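Structural overview for review
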Amino acid sequence: EPEVTQTPSHQVTQMGQEVILRCVPISNHLYFYWYRQILGQKVEFLVSFYNNEISEKSEIFDDQFSVERPDGSNFTLKIRSTKLEDSAMYFCASNGQGTATDTQYFGPGTRLTVL
Amino acid sequence: KQEVTQIPAALSVPEGENLVLNCSFTDSAIYNLQWFRQDPGKGLTSLLLIQSSQREQTSGRLNASLDKSSGRSTLYIAASQPGDSATYLCAVVGADGLTFGKGTHLIIQP
């Protein structure tokens, strides 16, 4: 069964460094998403992406964040200058039809630790 | 702004029991509601999706109901098994995207 994959599974970085989290969505899916979950907190929406551009973003997704689909398979989340409070699990998700009624399929997550 | 609340926050029951997890949301203008399962350190697995026009969905031992007007959903798990132990998340899709509850941490005792 097709699945969303994410790399790395765990990333440790120093405060102020740039990190890039990578995702490979399910191959025929059209909409892509990033979410984060701070330890012990709710899963929070960051951004949605369709047709090579951001379709929606939350107030969390400030100028330090960017997303890109550099090729036909990868979808990346970049954090330019990491802060301690960026430590969280970051989940990528995708869905096929890109409508609000379609199921989103989640990857296993990348645990980001900022020291 | 949509708020999703899940009760109880944690639940521990003996194997074989039927149980109900509750989810409530503040804005009834939703497109659909999804129940997810999250295992420790893992991603989210979609269990059931209920469209706003539906009242329930069933998958195996799981049954989810939706009462959109009252802003409530329940997830019913029949004949619980130790393998059902996980955190169960409720999420609603509305105008501002997917909004999650904090989850119910479920432990099924063998």
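Please read these numbers as outputs of a predicted model, since none were measured by experiment. (Residues numbered from 1 in each chain as written. Chains lettered and ligands numbered in written order. Predicted model: local features only at pLDDT ≥ 70, side-chain atom pairs only at ≥ 80, totals over all residues. Heavy atoms only, no water.)

**Side note on unusual backbone geometry**
- Here T7(A) and P8(A) are connected by a cis peptide whose omega angle stands at -10°.
- Mapped onto the elements, P8(A) comes out in the loop between β1 (5-7) and β2 (10-13).
- Residue P8(B) is bonded to the preceding I7(B) through a cis peptide linkage, with omega at -5°.
- Considering the arrangement of structural elements, one finds P8(B) in the loop between β1 (4-7) and β2 (10-14).
- Its identity is not glycine, yet N51(A) carries a phi of approximately 55°, on the positive side.
- A positive phi angle, close to 65°, is found at N52(A), a residue other than glycine.
- On the secondary structure map, N52(A) appears in the loop between β5 (43-50) and β6 (53-57). (Helix = DSSP H or I, 4+ residues; strand = E, 2+ residues; numbered from the N terminus.)

**As for the pattern of salt bridges**
All names here are of chain B.
- Under the definition given, this model contains 4 salt bridges over all chains.
- A salt bridge links R37 to D39; the shortest N-O distance between them is 3.0 Å.
- Note that D84 is salt-bridged to R61, the shortest N-O span being 2.9 Å. Placement of the pair is D84 in the loop between β8 (72-77) and β9 (86-94) and R61 in the loop between β6 (56-59) and β7 (62-67), with a sequence separation of 23 residues.
- Residue R61 is classed as partly exposed on the basis of its relative accessible area, which comes to 30%. (Salt bridge = Lys/Arg side-chain N within 4 Å of Asp/Glu carboxyl O. Buried < 20%, exposed > 50% of the residue type's maximum accessible area, 1.4 Å probe, protein only.)

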